[in-house]
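Survey of secondary and tertiary structure
Residue strings, one per chain:
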Amino acid sequence: MVNDQMVNVYHIPAMLQETIEGLAIKPEGVYVDVTFGGGGHSRAMMECLQDGGHLFSFDQDQDALQNAINDPKWTFVHSNFRYLRNWMDYYGIESIDGLLADLGVSFHHFDCPERGFSFRFSAPLDMRMNQTAKRTAADIVNGYSEEELAKIFYLYGELKNGRGIAKNICKARSQKPIERTEDLVAASRIPAEMSKELARLFQALRIEVNDEMGALREMLVAARDLLKPGGRIAILTYQSLEDRLVKNFLRSGNLEGTIEKDFYGNNLSPFTLIEKGREASAEEVERNPRARSAKLRIAEKKMTKW
Ligand SMILES: C[S@@+](CC[C@H](N)C(=O)[O-])C[C@H]1O[C@@H](n2cnc3c(N)ncnc32)[C@H](O)[C@@H]1O
């Protein structure tokens, strides 16, 4: 068992109350938290459940297990959430009453120097959330073409100078492989005082290393199909590309974001929107600055067959 203080050190959950209220948890329902992390959201969800209810919490990082919840109504799934459907089949769950995804990495990832997620520490360029995955950030930095690097810096890091940074990196690696966080900082030639740019560079690589967009797409489709009518999906996003994907998916019910309408012009999306990108309050951001970029989107599956 882990006490609340330890959980808080691992991660401080963003928009906890808004998320739990928005999920409108049924005490005997079956729920999934696809991003367990420090377990803050999962614990709050468990408090709403009674006998007959169950929560499945996923995390691909085995470190999250140190926050395990000792309760027969709780099951930890050590897996990428892209396999949500397979795991629900495995546990004999045909449909769920609600799902939460609090995307990205936890504080634990940034605060563990050896994981290589942060440019604040000297460490091997790793950035894998799943420590057993094969591909590290060093593999990408040293193996991708200049064009591919420029693309991920632009798309996932929103770095306007993605091309220039990719060029600098390729020049540096032609002298010697880029193996550590400080090597990447030096190779990028982003000045140390431009910490926001460095954070974006590291974010872009992290998203690519962990195929965050691919996993999110697969999970969204599985969640849509698993949700019962009246069931709710709550998603916390932290960067604009994933937020756009989630926003369009919840509006349309498909990955293309194509809104289909019937003869009368009614939106045929399977979802009714409940929260459309709510942000953390000023008080919360004061307490937890990392909640600044959080956006909460919640939708409810319509009762009618779509
Ligand atoms: C922002 S944290 C979640 C924090 C959590 N809500 C809490 O209250 O502590 C995101 C967590 O999701 C995990 N994660 C991210 N992407 C994942 C994926 N595709 N599959 C499984 N776990 C994932 C990360 O390892 C991390 O622990």
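Small disclaimer: the values here were computed from a predicted structure and weren't measured. (Residues numbered from 1 in each chain as written. Predicted model: local features only at pLDDT ≥ 70, side-chain atom pairs only at ≥ 80, totals over all residues. Heavy atoms only, no water.)

A closer look at the packing of aromatic side chains
Applying the stated criterion to the full structure yields 10 aromatic pairs. Between phenylalanine 56 and tyrosine 91, the aromatic rings sit 5.1 Å apart at their centres with planes inclined by 45 degrees, giving tilted as the arrangement. With phenylalanine 56 in strand β2 (residues 54-58) and tyrosine 91 in the loop between α4 (84-90) and β4 (96-102), the pair connects residues that are 35 residues apart, well separated along the chain. Between tyrosine 90 and tyrosine 91, the aromatic rings sit 5.0 Å apart at their centres with planes inclined by 85 degrees, giving edge-to-face as the arrangement. You can call tyrosine 90 exposed: its relative accessible area is 61%. Each member of the aromatic cluster is reached from another via a ring pair, and the members are Phe56, Trp87, Tyr90 and Tyr91. (Phe/Tyr/Trp six-rings, centres within 6.5 Å; stacked < 30°, edge-to-face > 60°. Helix = DSSP H or I, 4+ residues; strand = E, 2+ residues; numbered from the N terminus. Buried < 20%, exposed > 50% of the residue type's maximum accessible area, 1.4 Å probe, protein only.)

Some words on the site of the ligand
Residues in contact with the ligand amount to 24 residues; listed here are only the nearest, Gly38, His41, Asp59, Phe81 and Asp102. Interatomic distance of 3.1 Å between a backbone N/O atom of glutamine 60 and a nitrogen atom of the ligand. Contacts to the ligand include asparagine 80, whose side-chain N or O atom sits 3.0 Å from a nitrogen atom. When the free accessible area of the ligand is taken as 610 Å², the share hidden by the protein chains comes to 98%. (Near = heavy atom within 4 Å. Polar contact = N/O pair within 3.5 Å; in protein donor to acceptor, adjacent residues only side chain to side chain. Areas by Shrake-Rupley, 256 points an atom, 1.4 Å probe, with all protein chains shown as cover.)

Quick look at the environment of arginine 135
If you trace the backbone, arginine 135 turns up in the loop between α5 (107-111) and α6 (137-143). Classification of arginine 135 as partly exposed rests on a relative accessible area of 31%. Sequence-wise, arginine 135 and alanine 299 are 164 residues apart; in three dimensions their C-alpha atoms are separated by 34 Å. Apart from the residues within four sequence positions on either side, arginine 135 is in contact with Arg128, Ile140, Tyr144, Glu208 and Val209. A polar contact of 2.6 Å, which involves the side chain of arginine 135, links it to the backbone oxygen of glutamate 208. (Contact = heavy atoms within 4.5 Å.)

Describing the domain arrangement of the protein
One frequently used descriptor of interface size is the decrease in accessible area upon assembly of the parts. On domain assignment, one finds that the protein holds domain 1 (4-107 + 212-301) and domain 2 (134-209). Distance from the C-alpha centre of domain 1 to the C-alpha centre of domain 2: 30 Å. Contact residues are listed per partner, giving 7 residues for domain 1 and 6 residues for domain 2. A buried area of about 610 Å², summed over both sides, lies between domain 1 and domain 2, and 50% of it is on carbon and sulfur atoms. Broken down residue by residue, the surface that domain 1 buries against domain 2 is led by Glu212, Gln239 and Leu241, which jointly contribute 64%. Taken together, domain 1 and domain 2 are joined by 1 salt bridge. Residue glutamate 212 pairs with arginine 206 through a salt bridge whose shortest N-O separation is 2.8 Å. Between the two partners, domain 1 and domain 2, sit 3 residue pairs in polar contact (both at pLDDT 80 or more). Counting residues per element, the ones that place at least two in the side of domain 1 that touches domain 2 are α11 (212-226) and α12 (240-252). Among the residues forming the side of domain 1 that touches domain 2, the class breakdown is 3 nonpolar, 3 polar and 1 charged. (Domains from an automatic or database assignment. Buried area = accessible area lost by both parts, 1.4 Å probe. Salt bridge = Lys/Arg side-chain N within 4 Å of Asp/Glu carboxyl O. Nonpolar A, V, L, I, M, F, W, Y, C, P; charged D, E, K, R; others polar.)

Let's talk about the side chain of aspartate 59
With respect to the secondary-structure elements, aspartate 59 resides in the loop between β2 and β3 (74-77). We note that aspartate 59 is buried and unpaired, the nearest opposite charge coming from arginine 115 at a distance of 7.7 Å. Within the structure, aspartate 59 has its side chain in polar contact with the backbone nitrogen of glycine 37 (distance 2.8 Å). Setting aside chain neighbours within four positions, we find aspartate 59 in contact with Thr35, Phe36, Gly37, Ala64, Phe76, Val77, His78 and Ser79. (Lys, Arg positive; Asp, Glu negative; His and termini not counted.)

Things to note about the sheet that holds strand β7 (residues 295-301)
Spatially, β3-β2-β1-β4-β5-β7-β6 is the arrangement adopted by the 7 strands of the open sheet, whose pairing is mixed. Looking at strand neighbours, the two that pair on one side only are β3 and β6 (271-279), the edges of this open sheet. For this sheet, the mean inter-axis angle between neighbouring strands, taken without regard to orientation, is 15 degrees. Across 6 bridges, the pairing between strand β5 (residues 227-237) and β7 is antiparallel. For alanine 234, the partnering residue across the bridge sits in β7 and is isoleucine 298. On the sheet, α12 packs against β5, β6 and β7 and is oriented at approximately 20 degrees with respect to β7. (Pairing = 2+ DSSP bridges. Axes fitted to C-alpha atoms, helices over the stretch in contact; angles between N-to-C directions.)

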